[in-house]
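# A look at the structure
These are the residues of each chain, in order.
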Amino acid sequence: MRKIFLIASLALLGGAGAYAVTLSDFHPVYKAQMEREGDNVVRVKFPSAEWGTGIKWESKKGADFSSAKWLSVDVENLSSKRQSRLTMHVSAGAADGDSGDHAVAIEKKNRSVNTGVGLNPHEKRTMRLLLTHPAIYGAPENGRGPYVIDTSHVTSIHFQMQWPYEDEVDDLADLRISNLRLEGEVDAARHVDPDKYFPFIDKYGQFAHADWRFKVKDDATLKKDLAAELQRLKPAPETWDSFGGWKDGPTLKATGSFRTEKVNGKWWLVTPEGHLFFSVGLDVTRTMTDITDGSKHPDWYETKVPADGKMPFTLWNLEKKFGKKDYADEYYDFVLKRFDSWGLNSIGNWSAPELYLKSRKPYALSVLERAKGVKRMTKFHLYDFSDPNFERNMRAAIRERFAKEPALAHAAKDPMCIGFFIDNELQFHRWIPDVGEGRAAASVDLYFRICREELNRLAPGKLYLGSRFVGFRQPGLLWRTAAKYCDVITVNAYGNSVYNISKKMFPKGVEKPIMIGEFHYGCYDRGMFKPGLAPVCDQLERARSFTRFVEGCLQHPLFVGCHWFQYRDQPLLGRGDGEAYQIGFVDVCDRPYPELCRAARKLGGEIYEKRSKGVW
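Here goes a summary of the coordinates provided.

## Focus: the pattern of salt bridges
- Using the criterion set out here, one finds 56 salt bridges in the structure.
- With its nearest N and O atoms 2.5 Å apart, the salt bridge here joins Arg125 to Glu541. Here the residue Arg125 occupies a position in strand 9 (residues 124-130), and Glu541 occupies one in helix 11 (residues 539-555), the gap between them amounting to 416 residues.
- For the salt bridge of Glu511 with Lys262, the shortest nitrogen-to-oxygen distance reads 2.8 Å. Residue Glu511 is found in the loop between strand 23 (489-492) and strand 24 (514-518), and its partner Lys262 is found in strand 12 (residues 259-263); the two are separated by 249 residues along the sequence.
- Given the relative accessible area of 33%, Glu511 is considered partly exposed.
- One continuous salt-bridge network, built from bridges that share partners, spans Glu123, Arg125, Glu541, Arg544, Arg548, Glu551, Lys602, Glu606 and Lys610.

Written out as structure tokens, the structure is:
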């Protein structure tokens, strides 16, 4: 039985006049409205999601949470018509800090960790935040480990809607927050003696000093995995046609390529055979994505670091799993079976060309990112549109990619190709406000027009899926111009829901469907050091969060798909830019996360009924 520590029993540090902390001690921030319904119950209404809107408790003296494993709270969505989202942020230090992206463990003064939840109307669930105690999870100064905060001196707890994107409306969120508490016994066994910390990465690329149910401990396990999983894999859901579209739904005009159409007030993709299609897939589906550089710290690894310093743990693990080095083609056949079994009907961006070339499942792919030979701005991640050679060089870069990349040339004529992205997360959203919409208008129009025209010429009939915006907070000029040229506008959005997107993004009479290019959830419970951009408490909550996010997209009339980033966890020590997220459907040993896979499978068989009839 889980041991419960009531937060009311923990006094604030710093003096004899200490008092208990309950939700009644919180105060509203910005435009939030808070009504106390009991000692540890509040009702909160959010007319806005602007930064900081919410409720907050703070104390310079700090509170000691070091005796428990979790900080937990119950959240109920009181709305009957809106999906809702909420994040809980716990800070230690003199001011709020931000969680770092990288695999770090060295404690600093101002740090914040967070967790979140997405709720359907009238749903109630518990948010739990793992308290990363330095004494338990900390690593030596010259090592790496999970992100930690000083849990003995917590200075604030803040409930808000992180990364706001919504319009300001009176009924944006209506929540009951209750029973704030500490739960669980500290995992003292997780502590590692600093003198025994090195090496801390085993020969499979896993954290050596923790144990969990699906951890690989010998080569024999990898060899058994393939046969065992092949026996468990299921065929695609019966509701799907050969493209993963709605087999028994309406039959529309068949054009031989994917297209879009609005049916009964909701946007859809339409398969080449004329069936309705909602795209759910995974980005970066490859044998391996990032190689760990072991040259600088060979003492971190149980395995001897090769002369070139490269440590491709996933490749090594797959060689053992398949019993050979030339396993790639067999592996991608295996991956396609996984997608069917997991209820995923699409292959997302940055996936292996070998998967696209197999033409066995719908896919979306990128033509280029940071076009070669095109001058860029120094201040923004953006092309220099003032360069007199911009148009010529941009067109040449797109044409060169189709001429030299076999997967693009194949996709241009392949019915399984949904469409193409060009670029990723360009900083239009920063540049346009900097120069003004008037000055930016011609440049923005030129960029999207070039991309549209070149795709029409090189891949006629295929969908132009845009440049993958960073979130929904984009200047009106960008939405208007993208809608003018794109068939589908793609947005990368990390959060617990995107259901309440703005109704004002498109001008009157103009509208285009939207696809989510990236979203994910992660946690700490399988040995990883960083949970990702949308942390949750454990694998079951990852599965629930995936389901709620996709359900929010299914309910909203503009969305036509959503792609999870990414297929595999990032390396324990991070990719080249330091990201070290636990965000995969599979881990470094190619072992699936069963909770997430089961949730995706269940939803995959329901997407068309939920899209057509509604989730709530």
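Resuming the write-up.
## Brief notes about the environment of Tyr567
- By the element assignment, Tyr567 lies in the loop between strand 25 (559-564) and helix 12 (594-604).
- Here the side chain of Tyr567 touches Tyr331 through a polar contact of 2.7 Å, side chain to side chain.

## What to know about the packing of aromatic side chains
- This model, assessed by the stated rule, comprises 48 aromatic pairs.
- When the centroid spacing of 5.2 Å and the interplanar angle of 75° are considered together, the rings of Phe207 and Phe529 count as edge-to-face. In this pair, Phe207 sits in the loop between strand 11 (173-183) and helix 2 (219-232) while Phe529 sits in the loop between strand 24 and helix 11, placing the two residues 322 residues apart along the sequence.
- Take Phe529: its relative accessible area is 0%, and that puts it in the buried class.

## A closer look at empty space enclosed by the protein
- On inspection of all chains with the given rule, the structure shows six cavities of 30 Å³ or more.
- The computed volume of the largest cavity comes to approximately 140 Å³.
- Around the largest cavity, the lining comprises 16 residues; the ones closest to its centre are Asp290, Thr292, Thr314, Pro571 and Val588.
- Of the residues in the lining of the largest cavity, the class split is eight nonpolar, five polar and three charged.

## Looking at the nonpolar core
- Met394, Phe428, Trp431, Tyr447, Phe448 and Phe472 are the most contacted members of the largest nonpolar core, which has 120 residues in total.
- Residue contributions to this core peak at eight residues, all from helix 9 (residues 437-458).
- Leave out the neighbours within four places in its chain, and Met394 touches Leu368, Ala371, Val374, Tyr383, Ile422, Asp423, Tyr447, Ile450 and Cys451.

## Regarding the pairing of strand 15 (residues 279-282)
- Of the two faces of strand 15, the one carrying Ser279 and Gly281 and the one carrying Val280 and Leu282 are both buried.
- Sheet analysis places strand 15 next to strand 25, joined by four bridges and oriented parallel. Looking at strand 25, one finds that Leu282 is bridged to Trp564.
- As paired elements, strand 15 and strand 18 (residues 346-347) share two bridges and run parallel to each other. Among the inter-strand pairings, Gly281 is bridged to a residue of strand 18, identified as Ser346.

Parameters and conventions
Residue numbering note: each chain is counted from 1, following its sequence as written. Reporting of local features is limited, given that this is a predicted model, to residues whose pLDDT is at least 70; pairs of side-chain atoms are given and counted only at 80 or more, and all residues count toward the totals for whole chains, interfaces and linings. Side-chain figures throughout are based on the complete set of non-hydrogen atoms in the structure, without hydrogens or water. Between Lys or Arg on one side and Asp or Glu on the other, a salt bridge is scored when a side-chain nitrogen of the former is within 4 Å of a carboxyl oxygen of the latter. Secondary structure follows DSSP: runs of H or I at least 4 residues long count as helices, runs of E at least 2 residues long count as strands, and numbering of each begins at the N terminus. Each residue is placed in one exposure class: buried if its accessible area under a 1.4 Å probe, protein chains only, is under 20% of its type's maximum, exposed if it is over 50%, and partly exposed if it falls in between. Pairs of N or O atoms within 3.5 Å make up the polar contacts considered here, provided that, within protein, one atom can donate a hydrogen while the other can accept it, and that residues adjacent in sequence are counted only when both atoms are side-chain atoms. Only Phe, Tyr and Trp rings are paired, with Trp represented by its six-membered ring, and only when their centres lie within 6.5 Å; those with planes under 30 degrees apart are stacked, over 60 edge-to-face, the remainder tilted. The pocket and cavity definitions rest on a 1 Å grid over protein atoms only: a 1.4 Å probe that fits but cannot leave marks a cavity, an open set with protein on both sides within 12 Å along at least five of seven lines marks a pocket, and residues lining either have an atom within 4 Å of a point. Grid points are joined across faces, edges and corners, and a volume is the space filled by probe spheres set on the points. Amino acid classes used here: Ala, Val, Leu, Ile, Met, Phe, Trp, Tyr, Cys and Pro are nonpolar; Asp, Glu, Lys and Arg are charged; the rest, including Gly, are polar. Take the buried residues of types Ala, Val, Leu, Ile, Met, Phe, Trp, Tyr and Cys, join any two whose side-chain atoms come within 4.5 Å, and each joined set is a nonpolar core. Whether two residues are in contact is decided by their heavy atoms, any of which lying within 4.5 Å being enough. Note on pairing: DSSP must find at least two bridges between two strands before they are called paired.

Interpretation in functional terms is not warranted from these geometric data alone.
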